[in-house]
2 protein chains.
Amino acid sequence: MSNSNGNAIVAQSGGPSAVINQSLVGVIEGLRAASLNGGGVGTIFGARHGVRGMLPESERLVDLTGVPAQTLELVAGTPSAALGSSRDKPDAAYCEKVLATLRRRLVRYFFYIGGNDSSDTCRIVSEMAAGSGYDLRCFHVPKTIDNDLMMNDHTPGYASAARFVATAFMGDNLDNRALPGIKINVVMGRHAGFLTGASALMKQREDDGPHLVYVPEVAFDLERVAGEVEAVYRRLGRCLIAVSEGVQRADGTPLLRALTGAGKEKDAHGNVRLSGTGALGDALAEELSRRLTPVGGGAPRTRADTLGYAQRYWPDASPVDRAEARASARFAVEAAMKGGVRSGSITITRATGVGGGYAVEYGLVDLALVAGKTRHMPPEFLEGTSGVTPAFTQWLRPMVGEMPRVGWL
Amino acid sequence: MSNSNGNAIVAQSGGPSAVINQSLVGVIEGLRAASLNGGGVGTIFGARHGVRGMLPESERLVDLTGVPAQTLELVAGTPSAALGSSRDKPDAAYCEKVLATLRRRLVRYFFYIGGNDSSDTCRIVSEMAAGSGYDLRCFHVPKTIDNDLMMNDHTPGYASAARFVATAFMGDNLDNRALPGIKINVVMGRHAGFLTGASALMKQREDDGPHLVYVPEVAFDLERVAGEVEAVYRRLGRCLIAVSEGVQRADGTPLLRALTGAGKEKDAHGNVRLSGTGALGDALAEELSRRLTPVGGGAPRTRADTLGYAQRYWPDASPVDRAEARASARFAVEAAMKGGVRSGSITITRATGVGGGYAVEYGLVDLALVAGKTRHMPPEFLEGTSGVTPAFTQWLRPMVGEMPRVGWL
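Now for a quick tour of the structure. Every value quoted in this text rests on a predicted model; they were computed, and no experiment measured them. (Residues numbered from 1 in each chain as written. Chains lettered and ligands numbered in written order. Predicted model: local features only at pLDDT ≥ 70, side-chain atom pairs only at ≥ 80, totals over all residues. Heavy atoms only, no water.)

### A look at the side chain of Asn21 of chain A
Residue and element names in this part refer to chain A.
Logical step 1: Secondary-structure assignment places Asn21 in helix α1 (residues 20–36).
Logical step 2: Residue classification places Asn21 among the buried positions, given a relative accessible area of 1%.
Logical step 3: A polar contact is formed between the side chain of Asn21 and the backbone oxygen of Ser80, at a distance of 2.5 Å. (Helix = DSSP H or I, 4+ residues; strand = E, 2+ residues; numbered from the N terminus. Buried < 20%, exposed > 50% of the residue type's maximum accessible area, 1.4 Å probe, protein only. Polar contact = N/O pair within 3.5 Å; in protein donor to acceptor, adjacent residues only side chain to side chain.)

And the structure:
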C-alpha cells in the first residue's frame, strides 16, 4: 500500500498527558480523511517510544493504517501515550539516524506530538532533510501539561491537568477546613506556574484555600513565605498552600536544593529531578514548622502532599481539552497536506466566540519560534508574591469543563 | 421546638471521606422521617469538630432541624466533613464533659459518624449515661477509608477511596508503560491493606501493574522485596509497586522508621505520623536504587509518589458507597427510634442479591465488638508476599462503580 505522497509517521514524546492520545488519533483520522479526498498517504506508521522507535538499532514501528475506528476512539479516551513515549533529547547525530529510517521507510510526513523539546527535534530533522534534498514535512503537534509553549494561549494537556489540580485543591480545602492545619501541596511545573495557579480555580468563599500560591515566576524567599503562612494561620487557624515544584530563590537556586542540598540528580535533559519525590514538600513543611510561632506548646500541625504523576495520567480529562487536542492534530495534518510550508508547530490562540464566549483558533508558526523556548505566566495573572488574579481564573475557567458543586452547613 | 423524645445530636470524627456527609444527611433525613411519623425529636443539633464541639469550653452546636432539603443534597455530595472533624480520642474525663453538654441540651439521641475510635467514644458516653441514670441512645455510624472495622464486610468511605486508588494505578500503569521505570506509589492504610489492594483492581493485561502489592498484613523484608522488584524489572523493563504506608518489618518496626530513623513524631492517638509526608516512598525508592543491579551504568530510574489526602477527599465518590453511607445512617436512626437497645454500631454485611448479584444488609452490633478494634485483610485475599487474589478483586469490584475503559495500540 503506497502512493505518490509516500508514507506518514506519528510519534509521542515527553511526559504523557490525559489527551495526548486524542492528538494521536487526530493525526490518524486526518490522514485517513485526506486519503478519502484522494490526497492521502500510503502507510501510517506509529513509532514506539518517540524518536527512539525510529533509530535503526531500536526501530519499532507499528502500522496504524487499518486500526478500526472503534479502537481509535477507545485509545483517544485513554490517558498516557498509547505508542509509548521518550525522554530522549536528540542531537544532530541522533537526528541523522532518525532521518535515515524515515528515508528508508519512504516517509514524507512526520508528526511529532510533544513539548518544546519535540518541537526542536522536528526543527533539526526538517532542516537536515531540506539540506540533503529529501522532501519531508515535519509538523509539531503541541502537548504539555505545564502550558509553557511560546506562541500559544494554551496547549493540549494543560486543561486536563489543571482540572485535576483544581479538583484536588477543592477537596483539600474542604479537608483542611474539617481538620485544620498547615497543608502544602506541591504541583508540577518546572518553569511556569500555570498549573499551580489552577489550584485557586474553585475558591468560592472568602476563607477558601489555597490561601497562598507560589509559582516559579516569583522568587521564593523563605523568610517572607514563613511570614505569609503565619499571617494566614493566625487569621484562619489553617493554611492551604500551593507550591510549584520549580520554585526558586532570587539567585536562581531551586528551593529543593536550597533546603536539602539534594536535587543533584539530573535527568536526561540535564534538569534537576523534581517529580517523583516528596522531598520538596517534606523539606518545606519541616522548615515552616521550625519557623512558625508554636501554638499550645508545639509547632502548628504541618503536612505536605506532592500531587505527583496523577496530574498527567488522571483519566477524567477536560472535555474541552479532549476536543482541542484532537482538533489541533487534525489541523496539523491539513496544514501538512496543503503544502506550501515544509514544517511548523500548531498553535492555539483565543478567538471571540458567539456572544463573547470561549472559542479558539488553530494556527501554524515557524518551529524556531517554539523550539526549546519556555513561556511564563504573564504579569497580569500574578497577584503580589503569593496569588493569582481573577484575570487568571477567568482565563482558565472555560477550559476545564464542568466541576463538582459544593454544599456547606 | 421540642417534644417528649428530647433532642438529637450528630457529629463527624476522624479522617474525612468522600461520603461521610452522606451519612450526616442520612441521620438528619432519618430524624425528620421519624418526626413525620409522630415519633421524632425536637431539635437536631450538629456539633462542630466532633465531640470537641460538645465540650462546655468549646461548645459549637448548629441547629440542623430546618436546613432545606436542597442544601442537604448538595452537602451529601460534597467530600470531607461538613460539620468539621476531630482527632481527639476522649478519655473518661472528656466524656463526662460531653455528657454534661448533652444533658444540658436535653439530648436523648447521639449519632457519631467515624471509625473505631468514635465507636469507643460512643461506648464510654453510653455507659456513663446509663450509670448516671440518664436516658441516652448512642449510635455509631461507621466511616473509614481503611476498611478496618470489625464485624463489617466493608464500611462507608472505603469504596470511594478504593475507586480513587484503582483509578490512580490504572493511569499510572499506562504512564509507566509509556515511560518505563520503577515506580512506587504509597497508599493509605496503617494496619489494613484493603485500600492498597484496590491498586490491583483494574489490571487487565498480563503485564499490567501494579506488579507488586505490599500490605501491612505481610511482614516487609527489604531483601526479599528488592529481589521481587528486580525480577519484575528484568522481565518487563518496568515495575509498578503499591505499598501501604503502614508496612512493617517482621519485628513490628514500621518500615518508615526502619529506613529513616524518623517516624518519631506521633499524633494525638500516639500513632507514628505516616500521612502527609513523602518520606516512606522516597526512602524506599532510594533503598531500591541502591540494591538493584545497575542498568547501562546507573541504577534503574526509580520514582515514588504518595497518593496522599486525595484518597479521602476526592469528590468522584463511588455511587454504591454514596448510597450505602446514606442508608447505614438511616438504619442507625431507625434502630435508635425503635428502642429496645441503648446503643450500637451499624454494620454492613454481604447478602445475596437478585441473580446472585451484589447486595448488602445493614445490622446492629454491640459497640464493644467494634470499639478500638482493628480488622485485617483475611488470608484468602492475600496472594503470596506481594499480591492480592482474584477473590479480593471480585469482592471489591461491585463496590466502586463504573470505571474508565482503556484502549491499546
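### Some points on the packing of α1 of chain A against helix α2 (residues 69–76) of chain A
When two helices pack together, you describe them by how their axes are tilted relative to each other and by the distance separating the axes.
All names here are of chain A.
Logical step 1: Across the interface, α1 lies against α2 with an axial gap of 8 Å and an inter-helix angle of 150 degrees. Overall, the two elements α1 and α2 adopt an arrangement that is roughly antiparallel. Across from Asn21, Gln22, Val25, Ile28, Glu29 and Arg32 in α1, the residues of α2 making contact are Ala69, Leu72, Glu73, Val75 and Ala76.
Logical step 2: Here the residues of the contact of α1 with α2 are counted per class, giving six nonpolar, two polar and three charged. (Axes fitted to C-alpha atoms, helices over the stretch in contact; angles between N-to-C directions. Parallel < 35°, antiparallel > 145°, perpendicular 65-115°, else oblique. Contact = heavy atoms within 4.5 Å. Nonpolar A, V, L, I, M, F, W, Y, C, P; charged D, E, K, R; others polar.)

### Remarks on the interface of chain B and chain A
Logical step 1: Facing the 62 residues of chain B at the interface are 61 residues of chain A.
Logical step 2: A buried area of about 5,000 Å², summed over both sides, lies between chain B and chain A, and 59% of it is on carbon and sulfur atoms.
Logical step 3: Summed over the three residues of chain B that lose the most area to chain A, namely Leu179, Tyr313 and Leu409 of chain B, the buried surface amounts to 17% of that side.
Logical step 4: The closest approach of N and O atoms between Arg312 of chain B and Asp175 of chain A, which form a salt bridge, is 2.7 Å.
Logical step 5: For the side of chain B that touches chain A, the elements supplying multiple residues, two or more each, are α2 (69–76), α5 (158–178), α9 (279–291), β9 (302–306) and α10 (310–313) of chain B.
Logical step 6: Examining the composition of the side of chain B that touches chain A, we find that ten residues originate from one element, α5 of chain B, more than from any other.
Logical step 7: Among the residues making up the side of chain B that touches chain A, the classes are represented as 29 nonpolar, 19 polar and 14 charged. (Buried area = accessible area lost by both parts, 1.4 Å probe. Salt bridge = Lys/Arg side-chain N within 4 Å of Asp/Glu carboxyl O.)

### Observations concerning the relation of the copies chain B and chain A
Logical step 1: For these two chains of identical sequence, chain B goes onto chain A by a turn of 180 degrees and a shift of 0.0 Å along the axis, with RMSD 0.0 Å. In short, the pair behaves as if placed about a two-fold rotation axis. Relative to the rotation axis, the C-alpha of Gly278 of chain B is the closest in chain B, positioned 2.2 Å from it.
Logical step 2: Mapped onto chain A, 98% of the interface residues of chain B are again interface residues, and the two copies thus contact each other with one and the same surface. (Least-squares fit on C-alpha atoms with pLDDT ≥ 70 in both.)

### Comments concerning the sheet that holds strand β4 (residues 107–114) of chain B
All names here are of chain B.
Logical step 1: Strand order in the open sheet formed by seven strands is β3-β2-β1-β4-β5-β10-β11, with mixed pairing between adjacent strands. With one partner strand each, in any of the chains shown, β3 (61–63) and β11 (358–365) form the two edges of the open sheet. Adjacent strand axes in the sheet meet at a mean angle of 25 degrees, parallel and antiparallel pairs treated alike.
Logical step 2: The pairing of strand β2 (residues 44–47) with β3 spans three bridges and is classified as antiparallel. Among the inter-strand pairings, Phe45 is bridged to a residue of β3, identified as Asp63.
Logical step 3: Sheet strands touched by helix α4 (residues 116–131): β4, β5 (137–142) and β10 (343–352). Its angle to β5, the strand with the most contacts, is close to 175 degrees.
Logical step 4: Taken strand by strand, helix α11 (residues 319–338) contacts β4, β5, β10 and β11, and its axis lies near 30 degrees from that of β11. (Pairing = 2+ DSSP bridges.)

Geometric values such as these leave the question of function open.
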